[in-house]
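Spelled out, the chains give:
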Amino acid sequence: MKTLNSKLLYSYAYILFTALILVWSGSFLEWTLTEYNTQFSVFVILMYKLINDFWAIVILGIVLFPLLWMCSVIFKKRVIIIFQVLFLIILFIQAALVKYSLTTHVNLGADLLGYSYDDIYATVTTSISLSFITILPLLILIGFFYGVYFLLKKRVLPSQILIITILMVLLFGSLKLALPNASNEQFQNKIQYLTTDIINFQAEKHRTNANLYSRNDYPLLEPSSKIKDVLKPFFNITETKPNIVIIIVEGLGGEFIGTHKYAGFTPYLDSLIPKSLYWENFLSNAGRSFGSLPSITASLPFGDKGFLEIQNTPSHISLISVLKANGYTTSYFSGGSSKFDRKINFLEYNQIDNEIDESKYGSAYKITKANDGGFSWGYPDEEIFKKMLVSIQHKKSPRLDIVMTLSNHEPFTFPNKETYLKKVDSILNSRKVLKISKEKVIEYKDIFASLLYTDTSIKNFMEAYSKRPDYKNTIFIITGDHRLIPIPQKDKLCRFHVPLYITSPLLKKTETFKSVSSHWDITPSLLSFLINNYKMNPLKEVAWISSGLDTAKKFRNIHQIAFMRYKGKIDDYMLKDYFYSAGNLYKINADFGIYKVKEDLLQEEIKDSLDKFKNLNAYLTKRNKIYPDSLNIYGKLNFKFSKTELTTIKKLTKGLDFNQIFNLARENAFNKKYKTAILLCNYILNEFPNQNDARTLKGRVYAWNKNYKKAESTLLNVTKRNPYYSDSYSALLDLYWWSDQDEKAFGIYKKALQNKLTNSDIGFKMAKAYNRLKNTNKSKIIMDSLLLKYPDNKDYKTFKKSLN
């Protein structure tokens, strides 16, 4: 067996010391740029970070040592170059994680597993675009690495390296044992935290999975009469069911409202407080947007990585599905892509009537300016509200309209930004008393300007809506999805603190509540109010994760509230006036602040409650035990596959991504294997309901198989989902051509023209259709326009010649 020579070992040690120096440099930079809200002095924090970095490099060196031996056998002289490149990659990852932490004020952990490649790409490209400025830090890192490496080799003898290593192990080992607080997550090395958090997440999954089959009941199921109607005393009840408008505001934390720490930049929302039912100490159940929709509209548990990420959606009911069954027109409006976080899958399951995302806006609306990399989150808040007001003009009442705003998010790009930056300056120069320093406002000026823009957008929307005849019979619910991330938080509870407003002309009295409730409580209370006071179909049993809003005026908490800080991490829990987070216990005061306490028995009790919730969460979502299928007349999966079909799908799609699966479906369709092609299309659509290519191919396959009715309904579904997707119009024209439905063909052509879809394929087909109906003049007009664009197209020339 070959042994490593001393020269190679010392070179490896020099690489490790180089990595340690660079990691320490990064931690020092992070330390200087971070505002810490802890009881520790800044110098103690720096020491903690240096200790953790040292042990992270030591562990990394030990873990990679067997790889070093293997590479020395295989690559021999090139092994050092390979390990230099390897450690450069590791250091680049460490630097990226430090950048993430500086932006979000949390370490990246197992939540990384909860996002698809597309979601990660979309998130990263909002704040980073490829340019020399973004590449420069990488070049500096490479230069710094080799500079330090060769300097150490030149100035430090191998014998000195050995002595220094022994001394540092003794020193940092003693400090690690003597200072248990050094293990606090915010002081940990970034790569070490990411790795251990993923390991802990997988271990937690394994542990909760072990308890899945110890029961077979539906623990949340209860009579709907058990949910108390707490809203009735505040409302005038009318004969007509009220419209419901839910506005979920991106990043709207409670700290930015009223008299809280960062208040002063939401004047309209502040003015709503005395005109509304207002919950001052309200909470989101997740630290990011993925948790808001299922929590607010369905009071659902989390699953492993958020309810939206569950591939086979468990049976459940929601505000959307129940109101739809009671005659409501249900709509969802967003400026971004509804496939992000798989929101579209949730909406489709609950049979939403209208889903409006970025694909349905058209040229009349202005999209948010893209960054240098060409990425844009979608349409800004003002445009979302405009689109909603236009869309509901011809929608049947009563309505449920859900709006998710977008602009108050990195990179904080929105229309007329300079105007709102000047408004921030005006506030700073006025006599308005702020609770934060002028320097802090200037540091985060873009964010405060963004808050002003969103606040103005909501104001303009509400004023426009107030002119509608149905305004007097509409209830508005406004809340934040989670607290803004880039501005430092005062404590761990702050991440979940959001406002809740219920405002309406139907209110007979207003009130501010200090009692604690969460997103989980909105739907139980709202449905209880509607069912008990309006003509609604009886809903015998419900299954909510919480019991409804608490309308006590004084501070109290009657709920047990779990939180998913990010995808995959349920480590925060509230019981009574205590908050448990990452193994620490905090007392909540009447101002909704927290301070650390040491009450071992109580801490153990709350930890047990959290563990029970984790087991319940796993049982409900993995065993499909939220709401019985036999009772559920509301929700609907897109497609249910038989065991035989699942076996076929598994066999055909092994090792393929969804783009490759689509290509396989198309290949089967061309080879007249229509059944297999449709099966693969359905498999794609179950995961991506708005995958226009797959749905259009499915419609074409039905047409090729002469199933014209199914072909038509499938293709019309595509035009409804995305009115600006030209291939669906082209497919419909083919269908109507084959089935001699010329009038329908003209109707589709006119719709394509209205949506400015005048591509050559659509035009050529319509020219042929007009010619078939002996309307040669119209056919010539279309062909003349096509030949102006494509003068060398032989098919166009030949057809035009045949018209003469």
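Cut-offs applied
Residues numbered from 1 in each chain as written. Predicted model: local features only at pLDDT ≥ 70, side-chain atom pairs only at ≥ 80, totals over all residues. Heavy atoms only, no water. Helix = DSSP H or I, 4+ residues; strand = E, 2+ residues; numbered from the N terminus. Rg over C-alpha atoms; globule rule 2.2 N^0.38 Å. Buried < 20%, exposed > 50% of the residue type's maximum accessible area, 1.4 Å probe, protein only. Contact = heavy atoms within 4.5 Å. Lys, Arg positive; Asp, Glu negative; His and termini not counted. Charge placed at Lys NZ, Arg CZ, Asp CG, Glu CD. Pairing = 2+ DSSP bridges. Axes fitted to C-alpha atoms, helices over the stretch in contact; angles between N-to-C directions. Salt bridge = Lys/Arg side-chain N within 4 Å of Asp/Glu carboxyl O. Parallel < 35°, antiparallel > 145°, perpendicular 65-115°, else oblique. Nonpolar A, V, L, I, M, F, W, Y, C, P; charged D, E, K, R; others polar. Phe/Tyr/Trp six-rings, centres within 6.5 Å; stacked < 30°, edge-to-face > 60°. Patch = residues over 30% accessible without salt bridge, like charges linked within 9 Å, V, L, I, M, F, W, Y side chains within 5 Å. Areas by Shrake-Rupley, 256 points an atom, 1.4 Å probe, with all protein chains shown as cover. Polar contact = N/O pair within 3.5 Å; in protein donor to acceptor, adjacent residues only side chain to side chain. Expected span 1.5 Å × (residues − 1). Arc of directions from axis to C-beta. Left-handed = near helix turned anticlockwise from the far one by under 90°.

Each helix and strand counted, the chain has 27 helices and 16 strands in total. A globule of 804 residues ought to have a C-alpha radius of gyration of about 28 Å, and the chain, at 30 Å, matches this closely. Across its three principal directions, the C-alpha atoms of the chain cover 95 × 70 × 65 Å. Across the 804 residues that make up the chain, the buried fraction comes to 55%. Taking the intrachain contacts of the chain between residues at least 6 apart in sequence as the baseline, contacts between residues at least 24 apart amount to 75%. Seen as two clouds, the 106 positive and the 71 negative side-chain charges of the chain have centres 5 Å apart.

To continue, consider the pairing of strand E13 (residues 572-575). Judged by which residues are buried, E13 turns out to be covered on both faces: Asp 572 and Met 574 on one side and Tyr 573 and Leu 575 on the other are all buried. Strand direction decides the pairing type here: strand E12 (residues 560-563) and E13, joined by four bridges, are antiparallel. Among the inter-strand pairings, Ala 562 is bridged to a residue of E13, identified as Tyr 573. By the bridge criterion, four bridges tie E13 to strand E14 (residues 578-581) in an arrangement that is antiparallel. Bridge pairing in E14 links Tyr 573 to Tyr 580.

Read across the open sheet, the five strands follow the order E12-E13-E14-E15-E16; overall the sheet is antiparallel. Every interior strand has two partners, whereas the edge strands, E12 and strand E16 (594-596), have only one. The sheet shows a mean angle of 25° between the axes of neighbouring strands, direction not considered.

With the rule as written, the count across this model stands at 29 salt bridges. We note a salt bridge from Lys 440 to Glu 443, for which the minimum N-O separation is 3.6 Å. Taken together, the residues span about one helical turn, with Lys 440 and Glu 443 both in helix H14 (residues 438-443) at a distance of three residues. Three or more residues are tied together by salt bridges with common partners; here these are Arg 399, Asp 401, Arg 468 and Asp 470.

With that settled, the discussion passes to the packing of helix H13 (residues 417-429) against helix H15 (residues 445-465). Where H13 meets H15, the axes come as close as 8 Å, and the angle between the chain directions of the two elements is 105°. Classed by the angle they form, the pair H13 and H15 counts as roughly perpendicular. Residues Lys 417, Tyr 420, Leu 421, Lys 423, Val 424, Asp 425 and Ile 427 of H13 lie in contact with H15, whose contacting residues are Lys 445, Asp 446, Phe 448, Ala 449, Leu 452, Tyr 453 and Thr 456. Across the contact of H13 with H15, the residue classes tally to eight nonpolar, one polar and five charged.

With that settled, the discussion passes to the packing of aromatic side chains. In this description, an aromatic ring pair is defined by two values, namely the gap between the centres and the angle between the planes. Tallying each qualifying case throughout the model produces 44 aromatic pairs. With 6.3 Å between their ring centres and 50° between their planes, Tyr 12 and Phe 65 make a pair best called tilted. Of the two residues, Tyr 12 sits in helix H1 (residues 6-33) while Phe 65 sits in helix H2 (residues 42-74), which places them 53 residues apart along the sequence. Given the relative accessible area of 5%, Tyr 12 is considered buried. By relative accessible area, which is 35% here, Phe 65 ends up partly exposed. Both rings, one in Phe 529 and one in Tyr 534, keep their centres 5.9 Å apart while their planes meet at 75°; by these two values the pair is edge-to-face. For the pair Phe 529 and Tyr 534, one class covers both residues: buried.

Burial within strand E6 (residues 399-404) is extensive, with six of its six residues counted as buried. Residues of E6 alternate between two faces, with Arg 399, Asp 401 and Val 403 on one and Leu 400, Ile 402 and Met 404 on the opposite face, all of them buried. Looking at chain direction, strand E2 (residues 243-249) and E6 are connected through five bridges and run parallel. What sits directly across from Ile 244, in E6, is Leu 400. Both strand E4 (residues 329-334) and E6 contribute to a ladder of six bridges, which runs parallel. Across the sheet, residue Ser 331 finds its bridge partner in E6, namely Asp 401.

Next up on the list: a nonpolar patch on the surface. A cluster of nonpolar side chains, namely Ile 81, Val 85, Ile 89, Phe 92, Ile 93, Ile 135, Leu 136, Leu 138, Leu 139, Ile 140, Ile 142 and Phe 144, defines an oily patch on the protein surface of about 990 Å² accessible area. The set of elements that each furnish at least two residues to the nonpolar patch consists of helix H3 (79-104) and helix H5 (132-155). Within the secondary structure layout, Phe 144 lies in helix H5.

With respect to the element layout, Gly 258 can be found in the loop between E2 and helix H8 (267-272). Along the sequence, Gly 258 and Ile 273 sit 15 residues apart, while their C-alpha atoms lie 7.8 Å from each other. What Gly 258 contacts, discounting residues up to four positions off in sequence, is Ala 263, Asp 270 and Ile 273.

With that settled, the discussion passes to the side chain of Asn 473. Secondary-structure assignment places Asn 473 in the loop between H15 and strand E7 (474-480). A distance of 3.0 Å separates the side chain of Asn 473 from the backbone oxygen of Lys 241, its partner in a polar contact.

For the rest of this paragraph, the subject is the side chain of Ser 334. In this fold, Ser 334 is placed in strand E4. A relative accessible area of 6% places Ser 334 in the buried class. A polar contact of 3.1 Å, which involves the side chain of Ser 334, links it to the backbone nitrogen of Gly 336.

Between its first and last C-alpha atoms helix H26 (residues 776-789) spans 20 Å; for 14 residues at 1.5 Å apiece the expected length is 20 Å, and the two agree. Among the residues making up H26, those that are buried are Ser 779, Ile 782, Met 783, Leu 786 and Leu 787. The buried side chains of H26 occupy one side of the element, clustering within an arc of 135° when seen end-on. Set apart from the buried face of H26 by more than 90 degrees, the exposed residues are Asn 777, Ile 781 and Leu 788.

The N-to-C vectors of H1 and H3 enclose an angle of 15°; their axes lie 10 Å apart at closest approach. With respect to their mutual orientation, H1 and H3 come out roughly parallel. Viewed along their axes, H1 and H3 form a crossing whose handedness is right-handed. Counted together, Leu 8, Ser 11, Tyr 12, Ile 15, Leu 16, Ala 19, Leu 22, Val 23, Gly 26, Glu 30 and Leu 33 of H1 and Val 79, Ile 80, Phe 83, Gln 84, Phe 87, Leu 91, Gln 94, Val 98, Ser 101 and Leu 102 of H3 form the full contact between these two elements.

It is worth spelling out the environment of Leu 221 at this point. Here Leu 221 shows up in strand E1 (residues 221-223). Of the residues examined, Leu 221 reaches a relative accessible area of 24% and is grouped as partly exposed. Residues Leu 221 and Pro 66 lie 155 residues apart in sequence; the distance between their C-alpha atoms is 54 Å. Those residues in contact with Leu 221, other than ones at most four positions away along the chain, are Glu 541, Val 542, Ala 543, Tyr 627, Pro 628 and Leu 631.

A few words on unusual backbone geometry. Looking along the chain, the bond that leaves Ser 397 and enters Pro 398 is cis, with omega of 0°. The topology assignment puts Pro 398 in the loop between helix H12 (381-391) and E6. For the bond running from Glu 410 to Pro 411, omega is 10°, close enough to zero to count as cis. Examined against the element boundaries, Pro 411 turns out to sit in the loop between E6 and H13. The residue Arg 342 is not glycine, and still its phi comes out positive at about 60°. Mapping Arg 342 onto the fold places it in the loop between E4 and helix H11 (343-349).

Worth remembering: the numbers are spatial, not functional.
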